[in-house]
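# Architecture at a glance
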Amino acid sequence: MSLTETDRARPSATWLWIEFTALFVGVPILMAVFFGSYRLFSVIFALALIAAVLLHLTPGFRWRELRRGPVLGEWRLILAFAALVSVVCVSVALILVPDRFLSLVENNFPLWIMIMVAYPIASALPQELIYRPLFFRRYGHLFPSTEWAIAANAAAFGFGHLFYMNPITIAMTAFGGAIMAWAYTRNQSFLLAWVLHAIAGQIVFTAGLGVFFYHGAIPQ
């Protein structure tokens, strides 16, 4: 038997702040400290499972919400985002790692195809569940306004990549996270945020910035 909304009383603000701090501050710190002693995707999927449980326990949340909101109708936003990310990634690649620009496409085309296919499901999807629906539906009301919540979400998303120990990675993910958070809050559209995240990741690896975003490239 499923729980009704009346059965699920909203936790206190104090308890929600404890959850929030543990998930979005404590976990990234632990991942950075113990990096190399765990499988990254196993942790990501475990966190996504925890996010799913917490979402289910959130008063008013319904799973059908994840199908809500326009995607194709936001084609202008999607194209503008893709163009912006492309400009940023190409610029960063040519300035910092020019020898790696488009190197994955040129030198390992099968791996590039695999990343293009797998990234949206294996990486973008679980991350979006954690950082968009869970963040805003369960913890969004802790902040004084939507703008504050978006800023906090961007900071949390960047901090969530602390284990890379690279300011470029953290800054770029925080910047992208701010746009994805803003896009999500426009229509509460998880699908739109997921599409934007998937596109961003695909552009990052295509441009040759995998050295900043691939966990296998991090010194143990």
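Residues numbered from 1 in each chain as written. Predicted model: local features only at pLDDT ≥ 70, side-chain atom pairs only at ≥ 80, totals over all residues. Heavy atoms only, no water.

## Section: the layout of surface pockets
Selection rule: Cavities and pockets were defined on a 1 Å grid built from protein atoms only: a cavity is a group of points that admits a 1.4 Å probe but offers it no way out, a pocket is an open group of points flanked by protein on both sides within 12 Å along at least five of seven lines, and a lining residue is one with an atom within 4 Å of any such point. Grid points are joined across faces, edges and corners, and a volume is the space filled by probe spheres set on the points. A run of H or I in DSSP becomes a helix once it reaches four residues, and a run of E becomes a strand once it reaches two; helices and strands are each numbered from the N terminus. Under this grouping Gly is polar, as are all residues other than the nonpolar Ala, Val, Leu, Ile, Met, Phe, Trp, Tyr, Cys and Pro and the charged Asp, Glu, Lys and Arg.
Looking at the largest pocket, its volume works out to about 850 Å³. Lining of the largest pocket is provided by 42 residues; of these, Tyr119, Ser123, Gln127, His161 and Tyr164 occupy positions nearest its centre. Taken together, the elements giving at least two residues each to the lining of the largest pocket come down to helix 1 (13-33), helix 2 (40-56), helix 3 (75-96), helix 5 (109-139), helix 7 (167-187) and helix 8 (190-207). Among the elements that make up the lining of the largest pocket, the one with the highest residue count is helix 5 (ten residues). Across the lining of the largest pocket, the residue classes break down as 33 nonpolar, nine polar and no charged. The computed volume of the second largest pocket comes to approximately 210 Å³.

## Here's the deal with the packing of aromatic side chains
Stated precisely, the cut-off is as follows: The aromatic pairing rule takes the rings of Phe, Tyr and Trp, using the six-membered ring of Trp, and pairs them if the centres are within 6.5 Å, calling planes under 30 degrees apart stacked, those over 60 edge-to-face and the rest tilted. Exposure classes here rest on a 1.4 Å probe applied to the protein chains alone. A residue is buried below 20% of its type maximum, exposed above 50%, and partly exposed in between.
Under the criterion given, the structure shown has 21 aromatic pairs. Between Phe24 and Phe135, the ring centres sit 5.4 Å apart and the planes meet at 70 degrees, which makes this aromatic pair edge-to-face. With Phe24 in helix 1 and Phe135 in helix 5, this pair connects stretches of sequence that are 111 residues apart. Overall, Phe24 belongs to the buried group, its relative accessible area being 3%. Overall, Phe135 belongs to the buried group, its relative accessible area being 0%. Aromatic ring contacts, followed pair by pair, group Trp17, Phe20, Phe24, Tyr131, Phe135, Phe136, Tyr139, Phe143, Phe157 and Tyr184 into a single cluster.

## Observations regarding the pattern of salt bridges
Definition in use: One speaks of a salt bridge when a side-chain nitrogen belonging to Lys or Arg is within 4 Å of a carboxyl oxygen belonging to Asp or Glu.
Counted by the stated rule, this structure contains five salt bridges. In this structure, the salt-bridge partner of Glu128 is Arg132, at a minimum N-O distance of 2.6 Å. Of this pair, Glu128 and Arg132 both sit in helix 5, four residues apart, which is roughly one turn of the helix. Across the pair, Arg132 and Glu128 agree in class, each one buried. Through salt bridges with shared partners, a single network forms among Glu65, Arg68 and Arg137.

## A look at the confidence of the model for the chain
Detail in the predicted coordinates should be disregarded across regions flagged by low pLDDT. We apply this condition: pLDDT: the predictor's confidence for each residue, scored from 0 to 100.
With 94% of its residues at a pLDDT of 70 or more, the chain has an overall mean of 93. When the elements of the chain are averaged for pLDDT, helix 9 (residues 210-213) gives the smallest value, 92, and helix 6 (residues 146-159) the largest, 98.

## Overview of a nonpolar patch on the surface
Spelled out, the test is: Here the term patch refers to residues with relative accessible area over 30% and no salt bridge, with like charges joined within 9 Å and nonpolar side chains (Val, Leu, Ile, Met, Phe, Trp, Tyr) within 5 Å. In short, Shrake-Rupley with a 1.4 Å probe defines the accessible areas, and a residue's cover is counted only from the protein chains shown.
Nonpolar side chains collect at one region of the surface, where Val25, Ile29, Leu30, Val33 and Phe34 lie side by side and expose about 440 Å² of accessible area between them. Looking at where Val25 falls in the secondary structure, it is placed in helix 1.

## Thoughts on empty space enclosed by the protein
Here the structure, examined in full by the defined rule, presents one cavity of 30 Å³ or more. Approximately 30 Å³ is the volume attributed to the largest cavity. Residue lining of the largest cavity: Phe61, Glu65, Leu66, Arg68, Pro133, Arg137, Tyr184, Gln188 and Phe190, and that is the complete set. Split by residue class, the lining of the largest cavity holds five nonpolar, one polar and three charged.

## Concerning the nonpolar core
Our working definition: Buried Ala, Val, Leu, Ile, Met, Phe, Trp, Tyr and Cys residues form a nonpolar core when they are joined through side-chain atoms within 4.5 Å. Should any heavy atoms of two residues lie within 4.5 Å, those residues are counted as being in contact.
Counting 39 residues, the largest nonpolar core has Phe24, Leu129, Phe135 and Tyr139 as its most contacted members. Counting only elements with at least two residues in this core, the list comes to helix 1, helix 2, helix 5, helix 6, helix 7 and helix 8. Those residues within four positions of Phe24 in sequence are excluded, and the remaining contacts are Ile130, Tyr131, Phe135, Tyr139, Ala156 and Phe159. Grouped together as the second largest cluster of nonpolar side chains are 32 residues, Ile115, Met116, Tyr119 and Ile203 included.

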